Amino acid sequence: PTIVIVGGVAGGASAATRARRMNENAQIILLEKDPDVSFANCGLPYHIGEEIPNRDSLLVATPEFLRRRFRLDVRTRHEVISIDRERKRVEVRGGENAETFWIDYDKLILAPGASPVLPPIEGTDADNVLTLRNLSDTDRIKAIVDREQTRTAVVVGAGYIGLEMVEQLVHRGLKTSLVELQSQVLPLLDPEMAEPVAQELEANGVALFRGRGVTRLVKDSQGRVTEVVLSDGSTIATDLVVLGIGVRPNTKLAVDAGLEIGASGGIATNDFMQTSDADIYAVGDAAEYRFGPSGQRMRVALAGPANRAGRLAGQHAATGHSDPMPEVQGTSVVRAFGATAAMTGLSRATANRLGVPARSVTIVAKHHAGYYPGAQMMTLKLVYQSETGTILGAQAVGGAGVDKRIDVIATAMQFKGTVRQLCGVDLSYAPPFGSAKDPVHMAAFAAC
Ligand code: FAD
């Protein structure tokens, strides 16, 4: 078969390589509108901060490598502009003269990702107002940070990318402010779980402006933004603005082709990542998954699900069968200086909003045996269904070991575990690593 893939990064590259492994004879065409494929989106902030000094290490696989190793027909700077479902072909613009032509497909995999949302205010077009999604954004932000005159920065949006950017800009010596419309940082967390992260930001010199939005970006005579005006009238002078207020799924191709769009605004899919047209798959930030704690289909814009769904869709497209895509729990982790915050599933606030009858317990524990030097405190909150005890979610904030506890609980959730079952999970233990009664157990005990 001819398998055409739209988008060559997380979901698309995973789909392409899996399809090749499953089918030696398939013709696999990977179309990417930008110059790079298979780069490490998640590493971009750390290159700006020079924790990842070498730009090339962000290139997980080059087009040349994919051509040679996997015999993929990789075409960068080729944008798919429409889908003709009747004749099973896509319209592509690209090549030397950016001409338009058609490519036939037997199976089509859409992995076009998402685009950063811009606030509806003036000034977002200025050269020093940027979003971060790909390597060229990274280069532009880094070039500004590298300039000696750049002393101050404002990051708008206190989600994962916002926090990572704040940390890295501070590492680069910029006086950095963080603006967030909600009254807390990391709005997906329950407020009290996000508070230690806010304190850590402030302890590292970040000026925090919570509960306020940006209403205006003031430009100087050269068209550069020099001041950010907030909804309460306060102003912040700045040399650089980074916007991280969320992403919008790239669904235009799918919408124009009449594919079904789900309630959460992503391309609707079934358990094999097929869209409402069985020969067209959708994966990654543009698609919907089944969300474990609620059973609803929704978007989960994270790299793990994109890679796994890409792999499944690649196999299904190449062979006609695959395992179904498992439920996604929305498991995520972020570092802000010395603080780590991680979560999986539903927060208590989200459970309440969805009308799911939930209870929660919170414990404070050390990440390994207290008598062994260097133990760090963590706060762990477990959310579970009131009647059945089925685990709905967990959040943890602290230092070392936070990621491990959330991953253990995410795994229990994957298998529909209850708090009672969590009491009995057999976890590894020696004093430098944990405790005979792990924080996971302590939270589960408190819930039983
Ligand atoms: P992408 O990986 O974005 O790939 C989509 C590609 O499709 C793009 O290259 C785009 O140019 C191309 N494309 C779009 N339309 C067309 C078209 N019409 N024709 C041809 N090509 C097209 N997730 C985590 O889980 N952990 C993290 O730590 C993390 N950190 C992140 C940090 C940053 C700065 C960013 C931006 C994202 C981060 N993410 C993280 C999110 C993660 O990168 C995404 O969830 C993941 O990349 C989504 O994969 P995707 O294949 O859907 O889209």
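Keep in mind that this is a model prediction, so the values were computed, not measured. (Residues numbered from 1 in each chain as written. Predicted model: local features only at pLDDT ≥ 70, side-chain atom pairs only at ≥ 80, totals over all residues. Heavy atoms only, no water.)

1. Overview of the overall build of the protein
Right, so step 1: Looking only at helices and strands, the protein features twelve helices and 25 strands.
Right, so step 2: Its C-alpha atoms give the protein a radius of gyration of 23 Å, within 12% of the compact-globule value 22 Å for 448 residues.
Right, so step 3: Across its three principal directions, the C-alpha atoms of the protein cover 65 × 60 × 40 Å.
Right, so step 4: Across the 448 residues that make up the protein, the buried fraction comes to 53%.
Right, so step 5: Taking contacts inside the protein between residues at least 6 apart in sequence as the whole, the part at least 24 apart equals 59%.
Right, so step 6: Accessible area of the protein: about 19,500 Å², with a carbon and sulfur share of 49%.
Right, so step 7: Computed over 47 positive and 50 negative side-chain charges, the separation of the two mean positions in the protein equals 3 Å. (Helix = DSSP H or I, 4+ residues; strand = E, 2+ residues; numbered from the N terminus. Rg over C-alpha atoms; globule rule 2.2 N^0.38 Å. Buried < 20%, exposed > 50% of the residue type's maximum accessible area, 1.4 Å probe, protein only. Contact = heavy atoms within 4.5 Å. Areas by Shrake-Rupley, 256 points an atom, 1.4 Å probe, with all protein chains shown as cover. Lys, Arg positive; Asp, Glu negative; His and termini not counted. Charge placed at Lys NZ, Arg CZ, Asp CG, Glu CD.)

2. Focus on the sheet that holds strand 23 (residues 358–366)
Right, so step 1: Spatial ordering of the open sheet is given by 21-22-25-24-23, a layout of five strands whose pairing is antiparallel. Each end of this open sheet is capped by a strand with a single partner; those strands are strand 21 (332–336) and strand 23. For this sheet, the mean angle separating the axes of adjacent strands, direction not counted, is 10°.
Right, so step 2: Bridge count between strand 23 and strand 24 (residues 377–385): nine bridges; the pairing is antiparallel. What sits directly across from Arg 359, in strand 24, is Tyr 384.
Right, so step 3: Sheet contacts for helix 10 (residues 402–414): strand 21, strand 22 (339–345), strand 24 and strand 25 (391–398); angle to strand 25, the most-contacted strand, approximately 175°. (Pairing = 2+ DSSP bridges. Axes fitted to C-alpha atoms, helices over the stretch in contact; angles between N-to-C directions.)

3. Let's talk about helix 12 (residues 439–447)
Structurally, the α-helix is built with 3.6 residues per turn, so residues lying three or four positions apart point the same way.
Right, so step 1: When helix 12 is considered as a whole, its buried residues turn out to be Pro 439, Val 440, His 441, Ala 443, Ala 444 and Ala 447.
Right, so step 2: For helix 12, the secondary structure elements touched by its buried residues are strand 23, strand 24, helix 10 and helix 11 (419–422).
Right, so step 3: Taking the backbone nitrogen of Val 440 as reference, a side-chain oxygen 2.9 Å away marks Asp 438 as the first, capping residue of helix 12. (Polar contact = N/O pair within 3.5 Å; in protein donor to acceptor, adjacent residues only side chain to side chain.)

4. Thoughts on the site of the ligand
Right, so step 1: With respect to spatial proximity, 28 residues lie near the ligand, and among them Gly 11, Glu 32, Arg 133, Asp 285 and Ala 303 are the closest.
Right, so step 2: One of the side-chain N or O atoms of Glu 32 is found 2.6 Å from an oxygen atom in the ligand.
Right, so step 3: Burial of the ligand by the protein chains amounts to 89% of its free accessible area of 1,000 Å².
Right, so step 4: With three residues, the top contributor of residues to the shell around the ligand is strand 4 (residues 78–84). (Near = heavy atom within 4 Å.)

5. Describing the confidence of the model for the protein
Right, so step 1: For the protein, per-residue confidence averages 97 on the pLDDT scale, and residues scoring 70 or more make up 100% of the total.
Right, so step 2: Among the prediction metrics, the complex's ipTM stands at 0.99, with pTM recorded as 0.97. (pLDDT = per-residue confidence, 0-100.)

6. Looking at the side chain of Thr 150
Right, so step 1: Tracing the backbone shows Thr 150 in the loop between helix 4 (135–146) and strand 10 (152–156).
Right, so step 2: Look at Thr 150 and you get buried, because its relative accessible area is 7%.
Right, so step 3: Separated by 2.6 Å, the side chain of Thr 150 and the backbone oxygen of Ile 144 make a polar contact.
Right, so step 4: The contacts of Thr 150, once residues within four sequence positions are left out, are Ile 144, Val 145, Leu 174 and Asp 239.

7. What about the pairing of strand 5 (residues 89–94)?
Right, so step 1: The buried count for strand 5 comes to five of six residues, which makes it a mostly enclosed element.
Right, so step 2: Looking at chain direction, strand 4 and strand 5 are connected through six bridges and run antiparallel. Residue pairing across strands places Glu 79 opposite Arg 93, the latter belonging to strand 5.
Right, so step 3: Taking the residues between adjacent antiparallel strands as the criterion, strand 4 and strand 5 are bridged by four residues, where Lys 88 takes a positive phi near 50°.
Right, so step 4: Across six bridges, the pairing between strand 5 and strand 6 (residues 99–104) is antiparallel. Among the inter-strand pairings, Val 92 is bridged to a residue of strand 6, identified as Phe 101.
Right, so step 5: In this antiparallel pair of consecutive strands, strand 5 and strand 6, the connection spans four residues, and Gly 95 shows a positive phi of 85°.

8. Topic: the sheet that holds strand 14 (residues 225–230)
Right, so step 1: Spatially, the three strands line up as an open sheet ordered 13-14-15, and their pairing is antiparallel. Among the strands making up the open sheet, the edge pair consists of strand 13 (214–219) and strand 15 (235–237). Ignoring which end each strand starts from, the neighbouring axes of this sheet average 20° apart.
Right, so step 2: Pairing of strand 13 with strand 14, which is carried by five bridges, proceeds in the antiparallel orientation. Counterpart to Val 214 in the pairing with strand 14 is Leu 230.

9. Comments concerning the packing of helix 1 (residues 10–22) against helix 8 (residues 303–319)
Right, so step 1: Direction vectors running N to C along helix 1 and helix 8 enclose 40°, while the axes themselves pass 7 Å from each other. Our pair here, helix 1 against helix 8, has a crossing hand that is right-handed. Between helix 1 and helix 8, the contacting residues are Ala 10, Gly 11, Ser 14, Ala 15, Arg 18, Ala 19 and Met 22 on the first element and Ala 306, Asn 307, Gly 310, Arg 311, Gly 314, Gln 315, Ala 318 and Thr 319 on the second. (Left-handed = near helix turned anticlockwise from the far one by under 90°.)

10. Comments concerning helix 5 (residues 160–171)
Right, so step 1: Across its twelve residues, helix 5 extends 17 Å between first and last C-alpha, which sits within 8% of the 16 Å expected from 1.5 Å per residue.
Right, so step 2: Of the residues making up helix 5, those classed as buried are Gly 162, Leu 163, Glu 164, Met 165, Val 166, Glu 167, Gln 168 and Leu 169.
Right, so step 3: At the C-terminal side of helix 5, Gly 173 shows a positive phi close to 90°. (Expected span 1.5 Å × (residues − 1).)

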